[in-house]
Amino acid sequence: MTIVSLTGASGVGKSTLQSSLASHFGGGVVRSTTTRSRRAGDSEHDYEFLSEADFFALEEDFVMPPVTIHGNWYVGRISAYRKALAETDNKFAVTCLTPERHKVLRHYFEPIGISTLAIHLISPPEEELRRRLAERKWTAEELEFRIQDSRHFDEWARNEGDMHFFEPDIKENILTQALRLIETNWPLHRAGVNFYSLSLCCSKKAGHWECIGSGRWSIVNQPISRHFSGSVFITRSLIISTL
């Protein structure tokens, strides 16, 4: 089982690669939950559109702290990841994330025997990026904001580490690279079962959620509990992992 997370600035081709991978594997797209308005071309298969009140009513199902992007909330739900994996007989799932959130995804899924793989799509030259973003019919202000944002995205990803970087290329070559990477990184499972609990703590700093610590304990009778408040998100659960 492998969950692939795709990162990159707006217009680099994350959605195109995600769709191509899903076509190859017969599904597996993790449906994101968001408070943003529906855009032309948005699919119910890719997004679940909710009001902010309905969004936070589902916090028990959040796989990680929600993130705000351009004023809208986004999150992946545990049930959405499980459903995406089930579509491919528990072989593959794919999602789009911001670079720092892959660490949280890895901390959640790898202890239960699900491997994770992060692919960052490097931004194309500015002229090409402007051409792609212009097709989305954003205002001039929105376009400039996202161009500026793209300049920081690649550096942001490099600072996170544990990323595979893909240079701008035609989509067929990007897909081939991704498939080769996924196929050479299928997890190798050994017999045996470990019991332990995992705890993650994330805090909100300057409007962004940041993972600030994790740990494992030998206590195996820890009941599952999740807590979310305005500034701290903690998840603690009993994990059974095949290693």
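Given the structure is predicted, the values throughout are model-derived calculations rather than measurements.

Along the polypeptide, Thr34 turns up in strand 2 (residues 32-34). Engagement of the side chain of Thr34 in a polar contact is seen with the backbone nitrogen of Arg36, the distance being 3.0 Å. With sequence-adjacent residues up to four places away left out, Thr34 is seen in contact with Tyr47, Glu48, Phe49, Leu50, Phe55, Asn72, Trp73 and Tyr74.

On to the pairing of strand 5 (residues 72-76). Across the five residues that make up strand 5, a large majority, four, are buried. Here strand 2 runs beside strand 5; their pairing, made up of three bridges, is antiparallel. When the bridges of strand 5 are listed, Ser32 appears paired with Gly76. Inspection of the sheet shows strand 4 (residues 67-69) paired to strand 5 by three bridges, in the antiparallel sense.

Mapped onto the elements, Arg132 comes out in helix 5 (residues 126-134). Residue classification places Arg132 among the partly exposed residues on the basis of a relative accessible area of 23%. C-alpha of Arg132 to C-alpha of Gly11: the two residues are 121 residues apart in sequence and 6.0 Å apart in space. Ignoring sequence-local partners within four residues, the contact set of Arg132 consists of Gly11, Val12, Gly13 and Pro124. A polar contact is formed between the side chain of Arg132 and the backbone oxygen of Gly11, at a distance of 2.9 Å.

Whenever strands of a sheet pair, they do so through backbone hydrogen bonds, lying parallel or antiparallel. Reading across from one edge, 6-1-7-8 is the order of the four strands in this open sheet, with parallel pairing throughout. Sheet topology places strand 6 (92-96) and strand 8 (164-166) at the edges, where each strand pairs with a single neighbour. Adjacent strand axes in the sheet meet at a mean angle of 25°, parallel and antiparallel pairs treated alike. Bridge count between strand 7 (residues 115-121) and strand 8: three bridges; the pairing is parallel. Across the sheet, His120 pairs through a bridge with Phe165, a residue of strand 8. Along the sheet, helix 1 (residues 14-25) contacts strand 1 (2-7), strand 6 and strand 7; its crossing angle with strand 6, the most-contacted strand, is approximately 170°. Each of strand 1, strand 6 and strand 7 touches helix 4 (residues 101-109); the most contacted strand, strand 7, lies at about 165° to it.

Another aspect to go through is helix 3 (residues 78-87). Taken together, the buried positions of helix 3 are Ile78, Ala80, Tyr81, Ala84 and Leu85. Looking straight down helix 3, one finds its buried side chains confined to an arc of 165°; they lie on one side. Looking one or two residues beyond helix 3, the residue adopting positive phi is Asp89, at roughly 55°.

When the pLDDT values of the chain are averaged, the result is 75; 77% of them are 70 or greater. Of the regions scoring below 50 in pLDDT, residues 188-243 engages in 133 contacts with residues more than four places distant in sequence or in other chains.

So, on to helix 4. For helix 4, the full list of buried residues reads Arg101, His102, Val104, Leu105, Tyr108 and Phe109. The arc enclosing the buried residues of helix 4, seen along the axis, measures out at 160°, which places them on a common side.

Now for the pattern of salt bridges. Evaluation of the coordinates by the stated rule reveals seven salt bridges. The salt bridge partner of Arg77 is Glu48, with a shortest N-O separation of 2.8 Å. With a gap of 29 residues between them, Arg77 in the loop between strand 5 and helix 3 and Glu48 in strand 3 (residues 47-49) connect regions that are remote in the sequence. Overall, Arg77 belongs to the buried group, its relative accessible area being 17%. With a closest N to O distance of 2.7 Å, Glu144 and Arg130 form a salt bridge. Taken together, the residues span a long stretch of sequence, with Glu144 in helix 6 (residues 140-160) and Arg130 in helix 5 at a distance of 14 residues. Glu144 sits in the partly exposed class, given a relative accessible area of 34%. A cluster of three or more residues bridged by salt bridges with shared partners is formed by Glu48, Asp61 and Arg77.

About the thresholds
Residues numbered from 1 in each chain as written. Predicted model: local features only at pLDDT ≥ 70, side-chain atom pairs only at ≥ 80, totals over all residues. Heavy atoms only, no water. Helix = DSSP H or I, 4+ residues; strand = E, 2+ residues; numbered from the N terminus. Polar contact = N/O pair within 3.5 Å; in protein donor to acceptor, adjacent residues only side chain to side chain. Contact = heavy atoms within 4.5 Å. Buried < 20%, exposed > 50% of the residue type's maximum accessible area, 1.4 Å probe, protein only. Pairing = 2+ DSSP bridges. Axes fitted to C-alpha atoms, helices over the stretch in contact; angles between N-to-C directions. Arc of directions from axis to C-beta. pLDDT = per-residue confidence, 0-100. Salt bridge = Lys/Arg side-chain N within 4 Å of Asp/Glu carboxyl O.

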